[in-house]
Amino acid sequence: MENQNLTFQDLGLSEAMLKALEQKGYGYPTTIQAEAIPPFMQWKDVIAKAPTGTGKTFAFGIPMIEHIDPQCSDVQGLILAPTRELAIQIGDELRGLLTYYSGIRVAVLYGGAGIGGQIKALEKKPQIVVATPGRLMDHYNRKTVRLDKIQTVVLDEADRMLDMGFFKDVTRIIEKVKNRKNLGLFSATISQEVMTVSWMYQRDELEITVEPKQEDRPDIDQYCLTVSPLEKAETTLRLIRSQGFGRVMIFCNTKHMCQRLCDEFQLAGLDCECIHGDIRQSQREKTMQRYRDGKLPVLIATDVASRGIDVDDVECVINFDVPEENEYYVHRIGRTGRAKRKGVAYSVIGNFPEKAKLDEIAKFSHYTIQPMVLGADGTLTKEEIKAPAPVKRRLR
């Protein structure tokens, strides 16, 4: 579908939805939205591969809301997400789209939080449930949620969810939705597990692939700074302060490094917090809320803890550690350059293996990562790459 001049109005959406989108400043759908919303509105099964930051939540959230009957108090739409952070984020985005609707309620169910509050939310008869698979099965077994009237099921970040060991839970849930009209699988990559679920449960599915090099690819300037291992923390701190970034995300590969860097920066007077697997869920949610509200300028995170962080105006992403997986790099930098804004990403390199890994990532992702030098006064200049010295031949 050619969607260059397509508007949300052209997709035949309700007045309430168009008003909500206009209030949020969205006039034109992204490629994934333009291609997924029409078949979803026609109750077709969809399997979609699209990069992070291209608007997948609206692609399935908009038609799901449009299909809801507010007069009916049964659960009609179900969205499964791999992590609590992503589930919370999807719930927030759906509520934002419901501004001009009345009588449509959303409940979010996830582990690591008290079940009592979630049972109360379910007693209010939500028509849309967003859940992690394990906690949804818990509620189902307690008979606090019914799945028999659900019309649409969506698996968001399906590859990640099935890779995390939720395959059995997910297939059991899909099989319990007896009256399902359509199933949507949304994923950054289409893994073997995703293909298996599609083969088992989808019928005449529409396949959508959005390549990263299309116009939806975030506009991100990418740089790297090479320093000695002992200078990495000081260089990162100087970078944040000298460039005046107001909202930064820093990624580390391990929980230990994440906490250590956060402690070091706090001692230096930087307003920052970290999220990783060892931090209590309640504290992680408070930190995330502060960050979303713009009250926390710097967030330090591991890859697992950062899943589902969806903030539109992150100015800068810093890889304090070069990620171990190529796709992690794409996910990380995709946190900036969203909603048509320009973003910037820096990778701080402390040794040769990190440089080799970053070179491999650049080649894999077709990115240009410009080497830079951060001066003592905070100025950034392009690093001059010296040509290798000619090899002298010894005469025999």
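The structure under discussion appears in the preceding block.
It should be emphasised that the depicted structure is a prediction, and the values quoted were computed from it without experimental measurement.

Student: Before we go on, may I ask you to explain the pattern of salt bridges in this structure?
Tutor: Pairing between side chains of opposite charge can happen when the charged atoms of each approach one another. Enumeration over the complete set of coordinates arrives at 16 salt bridges. Notably, a salt bridge pairs Asp169 with Arg172, separated by 3.6 Å at the nearest N-O pair. You can see Asp169 and its partner Arg172 sitting in helix H7 (residues 158–176), three residues apart, about one turn around the helix. Judged by relative accessible area, Asp169 falls into the buried class, the value being 18%. The class of Arg172 is partly exposed, set by a relative accessible area of 39%. Between Lys232 and Glu354 there is a salt bridge, and its shortest N-O distance comes to 3.1 Å. With Lys232 in helix H9 (residues 232–243) and Glu354 in helix H13 (residues 352–365), this pair connects stretches of sequence that are 122 residues apart. For the residue pair Lys232 and Glu354, the accessibility class agrees, reading buried in each case. Within this structure, Arg135, Asp138 and Arg142 form a network of salt bridges that share partners.

Student: What am I meant to see in the nonpolar core here?
Tutor: Leu13, Ile62, Ile65 and Phe186 are the most contacted members of the largest nonpolar core, which totals 43 residues. Broken down by secondary-structure element, the contributors of at least two residues to this core are helix H1 (15–23), helix H2 (31–41), strand S1 (46–49), helix H3 (56–67), helix H4 (84–97), strand S3 (106–109) and strand S4 (128–131).

Student: Honestly, the side chain of Asp156 in this entry has me stumped. Any pointers?
Tutor: Counting through the fold element by element, Asp156 comes out in strand S5 (residues 152–156). In this structure Asp156 is buried but unpaired, with Lys56 as the nearest side chain of opposite charge at 5.4 Å. Among residues more than four places away in sequence, those in contact with Asp156 are Lys56, Phe60, Leu80, Ala81, Pro82, Leu86, Ile90, Met161 and Phe186.

Student: Explain the environment of Ile47 to me, please; I cannot follow it from the model alone.
Tutor: Checked against the element boundaries, Ile47 lands in strand S1. You can call Ile47 buried: its relative accessible area is 5%. What Ile47 contacts, discounting residues up to four positions off in sequence, is Leu185, Ile190, Val194, Met195, Ser198, Gln202, Glu205, Leu206, Glu207 and Ile208.

Student: Is there a simple way to explain the sheet that holds strand S13 (residues 342–349) in this structure?
Tutor: Backbone-to-backbone hydrogen bonds pair the strands of a sheet. The strands run either parallel or antiparallel. Taken in spatial order, the eight strands make up an open sheet running S10-S11-S9-S12-S13-S8-S14-S15, and their pairing is mixed. Looking at strand neighbours, the two that pair on one side only are strand S10 (272–275) and strand S15 (380–382), the edges of this open sheet. Here the strands of the sheet are splayed against their neighbours by 30 degrees on average, with no regard to which way each runs. Strand direction decides the pairing type here: strand S8 (residues 219–226) and S13, joined by eight bridges, are parallel.

Student: Explanation requested: the sheet that holds S4 in the structure shown.
Tutor: Here we have seven strands laid out as an open sheet, ordered S3-S4-S2-S5-S6-S1-S7, and parallel in their pairing. Each having just a single partner strand, S3 and strand S7 (206–209) make up the two edges of the open sheet. Averaged over all adjacent pairs, the angle separating strand axes in this sheet is 15 degrees, with direction ignored. Of the strand pairs in this sheet, S5 and strand S6 (residues 182–187) are connected by five bridges, and their pairing is parallel. Its bridge partner being in S6, Asp156 is matched across the sheet by Phe186. The strands touched by helix H5 (residues 115–123) are S3 and S4; relative to S3, the strand with the most contacts, the crossing angle is about 155 degrees.

Student: Looking at this structure, I do not really get H1. What am I missing?
Tutor: Turning to H1, its buried residues are Ala16, Met17, Leu18, Ala20 and Leu21. Where H1 is buried, its residues touch H3 and H4.

Student: Got a minute to help me understand unusual backbone geometry in this structure?
Tutor: Negative phi characterises most residues that are not glycine, and trans characterises most peptide bonds. Of note in this structure, Trp43 is not a glycine but carries a positive phi near 65 degrees. By the secondary structure assignment, Trp43 is in the loop between H2 and S1. On the accessibility criterion, Trp43 (26% relative accessible area) is partly exposed. Look at Lys143: it is not a glycine, yet its phi comes out positive at around 65 degrees. The exposure class of Lys143 is exposed, given its relative accessible area of 73%.

Parameters and conventions
- Residues numbered from 1 in each chain as written.
- Predicted model: local features only at pLDDT ≥ 70, side-chain atom pairs only at ≥ 80, totals over all residues.
- Heavy atoms only, no water.
- Salt bridge = Lys/Arg side-chain N within 4 Å of Asp/Glu carboxyl O.
- Helix = DSSP H or I, 4+ residues; strand = E, 2+ residues; numbered from the N terminus.
- Buried < 20%, exposed > 50% of the residue type's maximum accessible area, 1.4 Å probe, protein only.
- Core = buried A, V, L, I, M, F, W, Y, C linked by side-chain atoms within 4.5 Å.
- Lys, Arg positive; Asp, Glu negative; His and termini not counted.
- Contact = heavy atoms within 4.5 Å.
- Pairing = 2+ DSSP bridges.
- Axes fitted to C-alpha atoms, helices over the stretch in contact; angles between N-to-C directions.

By themselves these figures say nothing about function.
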